[in-house]
Amino acid sequence: SNINEIKSKLYNNKSIFENDAYCLFIGDSYGNGYTPDGNVTSWCDLLANRLGIGNRYYKYNSNGAGFVATGSGRLTFLQVLQNNINNITNKSAIKKIVVVGGYNDSNYSSSYNDMVTAIETFNNYCNTQFPNSKLYIACSGYNSNKTEAGANVRDKLIRDVIPAYMSTPNLTNPCIYIPYSHLIL
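Let us look at the structure shown here. Being a predicted model, the structure only gives us computed values, none of them experimental.

Glancing now at the packing of helix α6 (residues 112-129) against helix α7 (residues 148-166). The geometry of α6 relative to α7 is characterised by a closest axis approach of 8 Å and an angle of 25° between their N-to-C directions. As judged from the angle between their axes, α6 and α7 are roughly parallel. In this structure, α6 meets α7 at a crossing whose hand is right-handed. Of the residues in α7, those in contact with Tyr-112, Met-115, Val-116 and Ile-119 of α6 are Lys-156, Asp-160, Val-161, Pro-163, Ala-164 and Tyr-165. Residues of the contact of α6 with α7, tallied by class, amount to 8 nonpolar, no polar and 2 charged.

Put into structure tokens, the structure is as follows:
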């Protein structure tokens, strides 16, 4: 309910990122800096700035992407990463991987189980490619429209997407969900 409280929690936890060699950010159109009102600075750049990691990060985004959703970019988060994997020269230097999505998965006809499976596949791929990394997942794009479509997105986020983003029962190196991230937007 209070954006300043959420910002404060983020700033208080930024030390988990500061000493790492590199971060990897994966996202959708919000990662590209899209908003319905026009283009803005990418959340990837804003987060890197707030965390004080300078230019020690990679960012790869595709419009409409999700763990299951492909959107207008026709890519899932895994495919976005796979398409850019050769651009990351020192994979052992990646310590934190932050994936921000959710809205697109809520608009997609995927089930909770489909999303959990896709997240586990993504996480396993990251563990193979980036042996020193930890995966963090955030859900963004909560829809506040007072229409039936807005209610459907909210219901899907609450019923399937957020629980899937939080659940990694079959992983030996489970990812970490960033709580309340769906309230950022």
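Moving on, we come to the packing of aromatic side chains. The full count for this structure, using the stated rule, is 7 aromatic pairs. Ring geometry for Phe-67 against Phe-122: centres 5.6 Å apart, planes inclined by 85°, an arrangement best described as edge-to-face. One end of the pair, Phe-67, is in the loop between β2 (57-61) and α4 (77-84); the other, Phe-122, is in helix α6, and 55 residues separate them in sequence. Accessibility assignment for this pair places Phe-67 and Phe-122 in one class, buried.

Reading the values: the criteria
- Residues numbered from 1 in each chain as written.
- Predicted model: local features only at pLDDT ≥ 70, side-chain atom pairs only at ≥ 80, totals over all residues.
- Heavy atoms only, no water.
- Axes fitted to C-alpha atoms, helices over the stretch in contact; angles between N-to-C directions.
- Helix = DSSP H or I, 4+ residues; strand = E, 2+ residues; numbered from the N terminus.
- Parallel < 35°, antiparallel > 145°, perpendicular 65-115°, else oblique.
- Left-handed = near helix turned anticlockwise from the far one by under 90°.
- Contact = heavy atoms within 4.5 Å.
- Nonpolar A, V, L, I, M, F, W, Y, C, P; charged D, E, K, R; others polar.
- Phe/Tyr/Trp six-rings, centres within 6.5 Å; stacked < 30°, edge-to-face > 60°.
- Buried < 20%, exposed > 50% of the residue type's maximum accessible area, 1.4 Å probe, protein only.

Everything listed here is a matter of coordinates, which is why it stays silent on function.
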